[in-house]
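# Reading the structure
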Amino acid sequence: MTADRQWFVDIYERHYDAVLRYAWRRVGPDDAADVVAETFTIAWRRLRDVPEDMPLPWLYGVARNLIANRRRKDRRRGVPDAFDEGVYLVEPDHAEALGRRDAALAALHDLSDDDREIVRLIAWEGLTTAETAVVLGCSAAAATVRLHRARRRIEKLMSAKLEEVAS
């Protein structure tokens, strides 16, 4: 086995599940596997472009672009987005936690697309701000500022949502 092939196999085995979870949360179970397959096909074709030190954020960036391209194509054809805002609920929660989760998801829904994506990359995908910057194609400093602003906005939105529920 060539060194390139072995390196790709290692990346695939190490990051397949994470990329699948990323796609699943954004497009659902029906399309996630296709997004992942396309992502790794691109990674194989552009193996030299995959950063050795941070392949996962690069893979997330590819998946993010594929999902965005699919959504644009569907919108042009008039196909409704089955995943409305890309928030897919996985499992039921207990009553008190359900209210907090609903408030959080409603606040997340009310964020701009860019704010929502940075929050999800940090909170759901567990990326650092440096890794998130790679996915978003910006500097680490810009990602830090974007995250700070997004957190302030989501905290404000969540407070308002929880107040609505309490009253």
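Each chain carries its own residue numbering, running from 1 in the written order of its sequence. Selection of residues for local features in this predicted model requires a pLDDT of at least 70, selection of side-chain atom pairs for listing and counting requires 80 or more, and totals for whole chains, interfaces and linings are taken over all residues. Excluding hydrogens and water, the side-chain figures rest on all heavy atoms present in the structure.

All right, on to the overall build of the protein then. Within the protein one finds seven helices and zero strands. Helix numbering and strand numbering both begin at the N terminus, where a helix is a DSSP run of H or I of at least 4 residues and a strand a DSSP run of E of at least 2. Across the protein, helices and strands are ordered from the amino to the carboxyl terminus as α-α-α-α-α-α-α. Partly exposed residues are those whose accessible area sits between 20% and 50% of the maximum for their type, while under 20% is buried and over 50% is exposed, using a 1.4 Å probe and protein chains only. In the protein, buried positions account for 34% of the 167 residues. In this analysis, two residues are considered to be in contact whenever any of their non-hydrogen atoms come within 4.5 Å of each other. For the protein, contacts bridging at least 24 residues in sequence account for 67% of all contacts bridging at least 6. Using a 1.4 Å probe, the Shrake-Rupley method yields the accessible areas, and only the shown protein chains count as cover for residues. Of the roughly 10,100 Å² of accessible surface on the protein, 51% is carried by carbon and sulfur atoms.

This part covers the packing of aromatic side chains. Note on ring pairs: Phe, Tyr and Trp rings are taken, using the six-membered ring of Trp, and paired if centres are within 6.5 Å. Classes follow the plane angle, with under 30 degrees stacked, over 60 edge-to-face and the rest tilted. Taken as a whole and judged by the stated rule, the model has seven aromatic pairs. A ring pair is formed by Tyr-16 and Phe-40, whose centres lie 6.2 Å apart and whose planes are at 25°; its orientation type is stacked. Here the residue Tyr-16 occupies a position in helix α1 (residues 3-27), and Phe-40 occupies one in helix α2 (residues 29-45), the gap between them amounting to 24 residues. By relative accessible area, which is 24% here, Tyr-16 ends up partly exposed. Residue Phe-40 is classed as buried on the basis of its relative accessible area of 4%. One aromatic cluster in this structure is built from Phe-8, Tyr-12, Tyr-16, Phe-40 and Trp-44. Over a ring means this: the NZ of a Lys or the CZ of an Arg is within 6 Å of the ring centre and within 35 degrees of the ring normal. It is Arg-26 that lies over the ring of Tyr-22; its NZ or CZ is 3.7 Å from the centre.

Now for the nonpolar core. By size, the foremost hydrophobic cluster in this structure holds 38 residues, and its most contacted members are Val-19, Phe-40, Leu-59, Tyr-60, Ile-118, Val-119 and Leu-121. Among the elements of the structure, α1, α2, α3 (55-76), α4 (95-110), α5 (113-123), α6 (129-136) and α7 (140-166) are those that each provide at least two residues to this core. Here this core takes eight residues from α3, the largest share from any one element. In this view, Val-19 contacts Val-36, Thr-39, Phe-40, Leu-56, Leu-59, Tyr-60 and Ala-63; residues no more than four positions away in its chain are not counted. As used in this record, nonpolar core signifies buried Ala, Val, Leu, Ile, Met, Phe, Trp, Tyr and Cys residues forming a set joined through side-chain atoms within 4.5 Å.

With that settled, the discussion passes to the pattern of salt bridges. Side chains that carry opposite charge are capable of pairing whenever their charged atoms lie near each other. For salt bridges, the criterion is a side-chain nitrogen of Lys or Arg within 4 Å of an Asp or Glu carboxyl oxygen. Counted according to the given criterion, the structure contains eleven salt bridges. The residue Arg-26 makes a salt bridge to Glu-125 at a minimum N-O spacing of 2.8 Å. Separated by 99 residues along the polypeptide, Arg-26 in helix α1 and Glu-125 in the loop between α5 and α6 bring together distant segments of the chain. Taken individually, Arg-26 and Glu-125 each receive the classification buried, so the pair is uniform in this respect. The salt bridge involving Arg-153 is made with Asp-115; its shortest N-O contact spans 2.5 Å. Of this pair, Arg-153 sits in helix α7 while Asp-115 sits in helix α5; the two residues are 38 residues apart in sequence, bridging distant segments of the chain. Because the salt bridges share partners, they merge into one network encompassing Arg-25, Arg-26, Arg-64, Glu-117, Arg-120 and Glu-125.

Take α3 next. By definition here, a helix of n residues has an expected span of 1.5 Å times n minus one. The end-to-end C-alpha distance of α3 is 32 Å, a good match for the 32 Å that 22 residues give at a rise of 1.5 Å each. The set of residues buried in α3 consists of Pro-55, Leu-56, Pro-57, Trp-58, Leu-59, Tyr-60, Gly-61, Val-62, Ala-63, Leu-66 and Ile-67. Summarising the contacts, the buried residues of α3 are in contact with α1, α2, α5 and α6. Positioned one or two residues after α3, Gly-78 has a phi angle of 80°, which is positive.

Within α6, burial applies to Thr-132, Ala-133, Val-135 and Leu-136. Seen from one end, α6 has its buried residues packed into an arc of 160°, which puts them on one side. Looking one or two places after α6, you find Gly-137, whose phi comes out positive at around 70°. Directions from the helix axis toward the C-beta atoms define the arc.

Before going further, it helps to examine the packing of α1 against α3. Interaxial angles span 0 to 180 degrees and are taken between N-to-C directions of axes, which are lines fitted to C-alpha atoms, for helices over the stretch in contact. Where α1 meets α3, the axes come as close as 10 Å, and the angle between the chain directions of the two elements is 35°. The element α1 and its partner α3 pack so that their crossing is right-handed. Contact residues: Ile-11, His-15, Ala-18, Val-19, Tyr-22, Ala-23, Arg-26 and Val-27 in α1; Pro-55, Leu-56, Leu-59, Tyr-60, Ala-63, Arg-64, Ile-67 and Arg-71 in α3. By convention, the crossing between two helices is left-handed when the near helix turns anticlockwise from the far helix through less than a right angle, and right-handed when the turn is clockwise.

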